Amino acid sequence: RLRKWQTRARVQTSYERNFIQAAQELERLKSSMGVPRPCVEQALEIYRQALEKELVRGRSVEAMAAAALYMACRMMRMPRPLDELVRYTKASRREVARCYRLLLRELNVKVPISDPVLYISRIAEQLKLSGEVVKAAIDILQRAKKAGITAGKDPAGLAAAAVYIASLMHGDNRTQKDFAVAAGVTEVTVRNRYKELAKALNIKVPVK
Amino acid sequence: MSTTGPTYRIENIVATVNLQVELDLEMLAERLAMAEYNPDQFPGLILRLTKPRISALIFRTGKMVATGAKNEEDLKNAVRALVKLLKDHGADVPFDPEVQVQNIVASGNLHAEVDLEQAVLMLENAMYEPEQFPGLIYRMTNPRVVILIFGSGKIVCTGAKSERDVATAVQKLYNQLKELGVLYVEEGAEEEESEEELEEL
DNA sequence: AAGTTACTTTCAAAAGC
DNA sequence: GCTTTAAAAAGTAACTT
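Per an unreviewed UniProt entry, chain B goes by TATA-box-binding protein and derives from Pyrobaculum arsenaticum. Quoted verbatim from the Sequence similarities (unreviewed entry) heading of the UniProt record, the comment on chain B is "Belongs to the TBP family." Database annotation for chain B, UniProt heading Function (unreviewed entry): "General factor that plays a role in the activation of archaeal genes transcribed by RNA polymerase. Binds specifically to the TATA box promoter element which lies close to the position of transcription initiation."

Caption draft 1: Examining the packing of helix H2 (residues 14–33) of chain A against helix H4 (residues 61–75) of chain A more closely. Residue and element names in this part refer to chain A. Where H2 meets H4, the axes come as close as 9 Å, and the angle between the chain directions of the two elements is 60 degrees. One way to sum up the angle between H2 and H4 is to call them oblique. In this structure, H2 crosses over H4, and the sense of that crossing is right-handed. Across from Asn 18, Gln 21, Ala 22, Glu 25, Leu 26 and Leu 29 in H2, the residues of H4 making contact are Val 61, Glu 62, Ala 65, Ala 66 and Leu 69. Across the contact of H2 with H4, the residue classes tally to seven nonpolar, two polar and two charged.

Caption draft 2: Main features of the protein's contact with DNA strand D. Not every one of the 33 residues close to DNA strand D is listed here, only the nearest: Arg 98, Thr 189 and Arg 193 of chain A together with Arg 48 and Ser 152 of chain B. The sugar and phosphate moieties of DNA strand D supply 78% of its atoms located within 4 Å of the protein. Between Arg 53 of chain B and DNA strand D, the recorded distance is 3.0 Å, taken from a side-chain N or O atom to a phosphate oxygen. One of the side-chain nitrogen or oxygen atoms of Thr 67 of chain B is found 3.0 Å away from a sugar or linking oxygen of DNA strand D. Of all the secondary structure elements, the ones that give two or more residues to the surface near DNA strand D are helix H6 (93–106) and helix H11 (187–200) of chain A together with strand E1 (7–18), strand E2 (45–49), strand E3 (54–58), strand E4 (63–69) and strand E10 (154–160) of chain B. Considered class by class, the residues forming the surface near DNA strand D number twelve nonpolar, ten polar and eleven charged.

Caption draft 3: Highlighting the pattern of salt bridges. Residues and elements named next belong to chain B. Following the criterion strictly, the structure yields 20 salt bridges over all chains and no others. A salt bridge links Lys 70 to Glu 11; the shortest N-O distance between them is 3.3 Å. Separated by 59 residues along the polypeptide, Lys 70 in the loop between E4 and helix H2 (72–88) and Glu 11 in strand E1 bring together distant segments of the chain. Given a relative accessible area of 26%, Glu 11 falls into the partly exposed group.

Rules and cut-offs
Residues numbered from 1 in each chain as written. Chains lettered and ligands numbered in written order. Predicted model: local features only at pLDDT ≥ 70, side-chain atom pairs only at ≥ 80, totals over all residues. Heavy atoms only, no water. UniProt positions renumbered as here; feature names shortened; annotations may be inferred. Axes fitted to C-alpha atoms, helices over the stretch in contact; angles between N-to-C directions. Helix = DSSP H or I, 4+ residues; strand = E, 2+ residues; numbered from the N terminus. Parallel < 35°, antiparallel > 145°, perpendicular 65-115°, else oblique. Left-handed = near helix turned anticlockwise from the far one by under 90°. Contact = heavy atoms within 4.5 Å. Nonpolar A, V, L, I, M, F, W, Y, C, P; charged D, E, K, R; others polar. Near = heavy atom within 4 Å. Polar contact = N/O pair within 3.5 Å; in protein donor to acceptor, adjacent residues only side chain to side chain. Salt bridge = Lys/Arg side-chain N within 4 Å of Asp/Glu carboxyl O. Buried < 20%, exposed > 50% of the residue type's maximum accessible area, 1.4 Å probe, protein only.

Encoded structure:
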């Protein structure tokens with residue numbers, strides 16, 4: 001056994017072993033969550049940098065890999081909510097969030113500010129909405145941002161409400177709950193954002 | 001009429017007290033009805049005072065942590081009350097133990113809305129993740145405090161060891177944000193905000 | 001849909017796991 | 001790192017009524 005250990009130690013450092021574990025975990029997340037390959041590749045690069053800066057010490061490979069993937073998806077402009085990502089890992093939300101903050105601080109990476117517009121496509125896909133509706137929703141969000149009513153709000157909730165309003169204006173008859181589920185927020189949140197957006201942007205919704 | 005600069009109010013003071021003597025927490029827990037003591041869960045005995053509403057964590061080593069005070073006066077009164085309480089229940093503790101303020105939490109108001117997206121791009125050591133928390137988290141270097149900044153202009157300052165640090169930090173934050181041009185006052189509300197917070201200093 | 005309660009974030013100290 | 005205390009901010013969530 002000693003010889004086997006020596007052989008392994010010679011060809012595979014702890015760094016490499018850890019990296020391989022992370023790569024396997026990211027591969028698993030990719031297939032279970034349906035994350036695009038570019039995001040996984042970006043996550044691998046982030047994880048590699050984290051390993052080089054020894055940020056993985058004392059932390060679980062799963063938590064750091066999940067945090068790297070979360071960051072990678074945002075960098076690739078294909079954000080996945082942290083709460084959704086956490087459902088596929090055995091690491092706790094708290095641990096993943098802590099790793100993410102560590103990566104933000106220690107790596108010289110720029111993660112774009114979370115933009116509610118990026119949450120529209122996923123909602124639209126799930127509800128099979130038209131390009132017209134998507135365009136209208138994007139316009140609503142841009143106006144909302146100019147009106148200064150988006151500060152501190154969950155981008156997913158803002159996106160859900162914008163798409164809901166855009167759908168109503170295009171004669172769609174799906175409920176607030178459909179949009180809430182698609183966005184991963186509650187109906188209460190969609191309703192609150194909807195009221196604020198309609199009021200601030202003077203949006204009149206056709207009474208069906 | 002002047003809703004000029006920023007205002008703040010101390011919400012909580014955390015302090016440590018060193019009684020310099022070993023304490024029998026088991027005995028104290030038996031004699032003090034209001035005491036909460038679950039050594040399996042936490043090594044400290046928990047006492048909640050009601051006069052000034054302050055909570056104390058008392059440890060075997062004679063060290064304690066007092067939280068909940070809104071001013072130094074309440075803190076001093078609480079320490080006196082705690083000392084008397086412990087003495088009355090068999091613990092031989094000194095009358096005026098050493099008290100050290102460890103952290104001060106204050107809420108505040110910049111009286112102007114803040115463009116958090118712009119602010120996070122221009123401030124060093126700032127983080128803004130609306131997906132997880134509505135406030136921008138700003139780590140100020142000097143004074144060394146952490147400030148949570150909300151879009152409404154309301155803030156929370158924590159980590160300060162003195163009220164002076166809070167005052168300095170809040171004013172400095174206001175100046176920095178103003179300089180960065182990320183503060184906005186509602187067009188028709190330059191001089192309002194109805195609330196009664198005249199007692200903020 | 002309104003209300004209530006409760007959790008997210010930040011901080012520091014204590015003793016011990 | 002965790003456990004426990006307290007407190008505020010604004011948003012979101014989960015129950016009740």
